[in-house]
2 protein chains.
Amino acid sequence: MSIDAVLTELTSFLGDRMSRSKPDLMEHGRSETHFEMVLPDLVVWPISTDEVSRIMTLCHKHDIAVTPFGVGTSLEGHTIPLKGGVVIDLSRMNRLIQADPGDMVAVVEPGLTREALNEELRATGLFFPVDPGANATLGGMASTRASGTTTVRYGSMRDNVLGLTVVLADGQVIKTGSRAAKSAAGYDLTALMLGAEGTLGVITELTLRLHGTPEAISAGVCAFPDLASAVATVQQVIQMGIPVARIEFLDEASTGAINRYAGLDLPLCPHLFVEFHGSDNAVADAVQDFSDIADDFGAAGFESATRTEDRNRLWKIRHNAFYALTALKPGAKAMVTDICVPISKLAQAVEETRQDIAASHMPGPILGHVGDGNFHAILLLEEGNKEDWTTAKALVKRMADRAISLGGTITGEHGVGMGKLSLMEAEHGPAWEVMGTLKQALDPKGILNPGKLVPPVHG
Amino acid sequence: MSIDAVLTELTSFLGDRMSRSKPDLMEHGRSETHFEMVLPDLVVWPISTDEVSRIMTLCHKHDIAVTPFGVGTSLEGHTIPLKGGVVIDLSRMNRLIQADPGDMVAVVEPGLTREALNEELRATGLFFPVDPGANATLGGMASTRASGTTTVRYGSMRDNVLGLTVVLADGQVIKTGSRAAKSAAGYDLTALMLGAEGTLGVITELTLRLHGTPEAISAGVCAFPDLASAVATVQQVIQMGIPVARIEFLDEASTGAINRYAGLDLPLCPHLFVEFHGSDNAVADAVQDFSDIADDFGAAGFESATRTEDRNRLWKIRHNAFYALTALKPGAKAMVTDICVPISKLAQAVEETRQDIAASHMPGPILGHVGDGNFHAILLLEEGNKEDWTTAKALVKRMADRAISLGGTITGEHGVGMGKLSLMEAEHGPAWEVMGTLKQALDPKGILNPGKLVPPVHG
């Protein structure tokens, strides 16, 4: 259906909070990574659940595709509006509606970013822990079931979203979950919406679980003689239940890139970045236990930093890794992929991936949230080089196949988007079709983020 | 449809693992609590996913209702076969298929009970933490999204089930999730099945997350001058992030019942039962912090027990509470209900409930997993006394309304079953209808546990 059918009515309540200008369409048709741009027909900036509902009602009536958009930090092309139509940019719905230290919850609009939320929470002694690296919006993080560096301790979005307000395909508004810590009252619609990538509804409000700032925090870096010893350390730390709050792996190539990007001189070998949260004694115990294990596996002397500024410098390095790595090959496009495997298969999965990438002669540093068995490869492609693209796609597919054959998943945290769609059947078998059935039930016209997540016949 | 249509074919592969005898039908038509018995037409005892699939295929073809059954410990009448038909008793699918200490997972059949699992895990140094009190089956616990005493530390079934094998209404077998710690690969079908109470499929295999037995455990009991001081202690413990592994509240009436049942002489006042897990130092810190807070609120001197036998005696008392409480009124039927509220509303919710029950002159002790804001009332009814029944139903409804008005949920862990069905709309509004839409999509004939969870038009 043509967008013209809804323009007048949208204008009546959105006023100038909509645009058909080329730069706006381009800004909402591109992605952070290697996917080709597809332009929407219109971008709208609603400021309330009610406006989103009115937009959906109209688009539903006129069969117009709708793709929700936060700040566009997703890595698998989730927000590219494959069938054009309307992009709902939620960045102006970015209020912290309520921070409640008594219940340890925050109620937020979907366009608020995680860094902005934590900035606003600073005085409360509470924080929101999920940290995917990028300063994503909380709605986007919910929609991709994001996780990240602290998931090993605090869980992912799955564990830290108590409830949602969602506008369904036909404009109907529902609330899922509650402010209680748990519930057994019926189907877990919150969990169904988390990770649905905007294909089942548009999230317009989130109730988030907050955590108390720990009494003590200690962080550190240590260097390992080889990949196997670093990964073996991780496995043992997890299996012994040592309460690590972050445990991040960087391979040799990642370490080199970070050295160059941040002017550091870390030894050129695999590293673990770790952090511990808790009471003074609990953190001291954990640091000691970690240090003993790392020593056993030949790590160079681990030192922990408890000063905030030292820790912040450390994690800034880790968070800038994506930019450091893409700087390895100036002008390159990045194909960023992730898999997640059972912890006992981590060493095998990383080593086989490393060898596979090395054989391809494509730069492809590996790093990741190894406490969860989750790691990334950042494949660097020359823009427009078809051969590079084919090579990278094949590497990604082999990583995904490897994850499945080891009992893991084709994506631990980046989501399906466009990059993993063709791999869904291999992981889920007939359960993928069940996802299609659910999509069909909740969005029979297929207008919500079409072309994503479910089998194409349903999407 | 008559059951006769499927008897011959079922016999061909089930042999004598099926029954139409009155005692067997009664055993599967009753509940632990006050609900009226409804007999199924047939009970079957499959021993494999394939057999469950064949049973479902047949019943689907002939429009016969199917209700899955574990050991029948549910409290809200979940397993009562309201439309007769076939009850699938999963108690012979009770194997621990695999315990994998490396990945910290166990793969189990649904009829295995949690105590049997932990018995089998003993030598591994690992355990499965979810502890609803009753020795329920793991399939039943998954189906009600069970939680319990340790949820404040280890989470509920929602947090400890990594994947499922599920037989759908038409006999199709799907696998959800994986053995990886997390995934962002599509809709979270595992979460959708958890808490679905057998209305979307029959769970035939579970992959569970295990945890390491803590280095140190300490437990204790302390008495409070009144309800308000006990609950204020809980709130502060949670808000300060003191890592408590269990924190259970018993009111004065519960304490008295336990004294009589177990021959104890706890002072007749509200109590907290607590437990801490961690490293030696972490537990010592937590015990000290807890003790300081409890002292501030006037608790009688808290003493902690670290010896296993002392701790076991303590938790045996707590776990026998249900039997101790029902013994308060010999021959009575129990109406057991639970709600869960935001932690800041816990004192208000418990106090208003206590006053409401006191005004009714019905015995109704209160106890619960207060670290989650979750508590129970055990209402004791004279069997066949209609007035008692009306009074109790009204108390339950007012508790549920109170939970909703305080931002909580009508059930934190017991589930919907028959007892909470009429309260679902009040909690969920239009989202309840969305649950109906999902049910319709996955079980269009409405043969799976009919009459439960979703709006009657869909169920």
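Residues numbered from 1 in each chain as written. Chains lettered and ligands numbered in written order. Predicted model: local features only at pLDDT ≥ 70, side-chain atom pairs only at ≥ 80, totals over all residues. Heavy atoms only, no water.

It is worth spelling out the packing of helix 11 (residues 280-296) of chain A against helix 11 (residues 280-296) of chain B at this point. At their nearest, the axes of helix 11 of chain A and helix 11 of chain B sit 8 Å apart, and the two run at 175° to each other. Our classification of the angle between helix 11 of chain A and helix 11 of chain B gives roughly antiparallel. Contacts between helix 11 of chain A and helix 11 of chain B involve Asp 280, Asn 281, Ala 282 and Asp 285 of chain A from the first element and Asp 280, Asn 281, Ala 282 and Asp 285 of chain B from the second. (Axes fitted to C-alpha atoms, helices over the stretch in contact; angles between N-to-C directions. Helix = DSSP H or I, 4+ residues; strand = E, 2+ residues; numbered from the N terminus. Parallel < 35°, antiparallel > 145°, perpendicular 65-115°, else oblique. Contact = heavy atoms within 4.5 Å.)

The next thing to look at is helix 14 (residues 346-360) of chain A. All names here are of chain A. With 15 residues, helix 14 should reach 21 Å at 1.5 Å per residue; the first-to-last C-alpha distance of 21 Å fits that figure. Burial in helix 14 covers these residues: Leu 346, Ala 349, Val 350, Thr 353, Asp 356 and Ile 357. Down the axis of helix 14, the sector holding all buried residues measures 130°, keeping them to one side. Following helix 14 by one or two positions, His 361 adopts a phi angle in the positive range, close to 60°. (Expected span 1.5 Å × (residues − 1). Buried < 20%, exposed > 50% of the residue type's maximum accessible area, 1.4 Å probe, protein only. Arc of directions from axis to C-beta.)

Attention now goes to the domain arrangement of chain A. Residue and element names in this part refer to chain A. Annotation of chain A at the domain level lists domain 1 (1-213), domain 2 (214-324) and domain 3 (329-421). For domain 1 versus domain 3, the distance between C-alpha centres works out to 27 Å. Taken together, the contact pairs 17 residues of domain 1 with 18 residues of domain 3. The contact between domain 1 and domain 3 buries some 1500 Å² in all, and 57% of this surface belongs to carbon and sulfur atoms. Its largest share of buried area at the contact with domain 3, domain 1 owes to His 34, Leu 75 and Glu 76, together 40% of the area lost on that side. At the surface where domain 1 touches domain 3, the tally comes to 1 salt bridge. A salt bridge links Lys 420 to Glu 76; the nearest nitrogen and oxygen atoms lie 4.0 Å apart. Between the two partners, domain 1 and domain 3, sit 10 residue pairs in polar contact (both at pLDDT 80 or more). Along the lines of polarity and charge, the residues of the side of domain 1 that touches domain 3 split into 6 nonpolar, 9 polar and 2 charged. (Domains from an automatic or database assignment. Buried area = accessible area lost by both parts, 1.4 Å probe. Salt bridge = Lys/Arg side-chain N within 4 Å of Asp/Glu carboxyl O. Polar contact = N/O pair within 3.5 Å; in protein donor to acceptor, adjacent residues only side chain to side chain. Nonpolar A, V, L, I, M, F, W, Y, C, P; charged D, E, K, R; others polar.)

Another point: the interface of chain B and chain A. Every contact between the two is made by 75 residues of chain B and, on the other side, 75 residues of chain A. Contact with chain A buries surface across chain B, with Arg 158, Lys 182 and Tyr 187 of chain B losing the most and accounting together for 17% of the total. At the junction of chain B with chain A, the criterion picks out 6 salt bridges. Applying the counting rule to chain B against chain A returns 35 residue pairs in polar contact (both at pLDDT 80 or more). Counting only elements with at least two residues in the side of chain B that touches chain A, the list comes to helix 7 (157-160), strand 9 (173-177), helix 8 (189-193), helix 9 (227-239), helix 11, helix 16 (424-428) and helix 17 (430-442) of chain B. In terms of residue count, the dominant contributor to the side of chain B that touches chain A is helix 17 of chain B (9 residues).

Let us look at the packing of aromatic side chains. Taken as a whole and judged by the stated rule, the model has 10 aromatic pairs over all chains. Relative to Trp 315 of chain A, the ring of Phe 273 of chain A has its centre 6.1 Å away and its plane inclined at 65°; by these criteria the two rings are edge-to-face. In this pair, Phe 273 of chain A is assigned in strand 14 (residues 271-278) and Trp 315 of chain A in helix 12 (residues 308-319), connecting sequence segments 42 residues apart. Both rings, one in Phe 322 of chain A and one in Tyr 323 of chain A, keep their centres 5.3 Å apart while their planes meet at 75°; by these two values the pair is edge-to-face. Since its relative accessible area comes to 40%, Tyr 323 of chain A is described here as partly exposed. The rings of Phe 276, Phe 290 and Phe 302 of chain A are connected pair by pair, giving a single aromatic cluster. Of note, Arg 153 of chain B hangs over the ring of Tyr 154 of chain B, and the distance from its end group to the ring centre comes to 5.4 Å. In this structure, Arg 246 of chain B packs its charged tip against the face of Trp 315 of chain B, placed 4.6 Å from the ring centre. (Phe/Tyr/Trp six-rings, centres within 6.5 Å; stacked < 30°, edge-to-face > 60°. Lys NZ or Arg CZ within 6 Å of the ring centre and 35° of its normal.)

This part covers the UniProt feature "domain: FAD-binding PCMH-type" (unreviewed entry) in chain A. The feature "domain: FAD-binding PCMH-type" (unreviewed entry), as given by UniProt, occupies residues 36-213 of chain A in the numbering adopted here. As annotated, residues 36-213 of chain A comprises 22% helix and 25% strand, and the C-alpha atoms at either end are separated by 42 Å. (UniProt positions renumbered as here; feature names shortened; annotations may be inferred.)

A side chain with one charge may pair with a side chain of the opposite charge, provided their charged atoms come close. Residue and element names in this part refer to chain B. One pass over the full model with this rule turns up 48 salt bridges over all chains. One salt bridge in this structure joins Arg 402 and Glu 352, with 3.3 Å as the shortest N-O distance. Of this pair, Arg 402 sits in helix 15 (residues 386-405) while Glu 352 sits in helix 14 (residues 346-360), and the two are 50 residues apart along the sequence. Judged by relative accessible area, Arg 402 falls into the buried class, the value being 10%. For Glu 352, a relative accessible area of 34% corresponds to the partly exposed category. The shortest N-O distance in the salt bridge between Asp 356 and Arg 402 comes to 3.4 Å.

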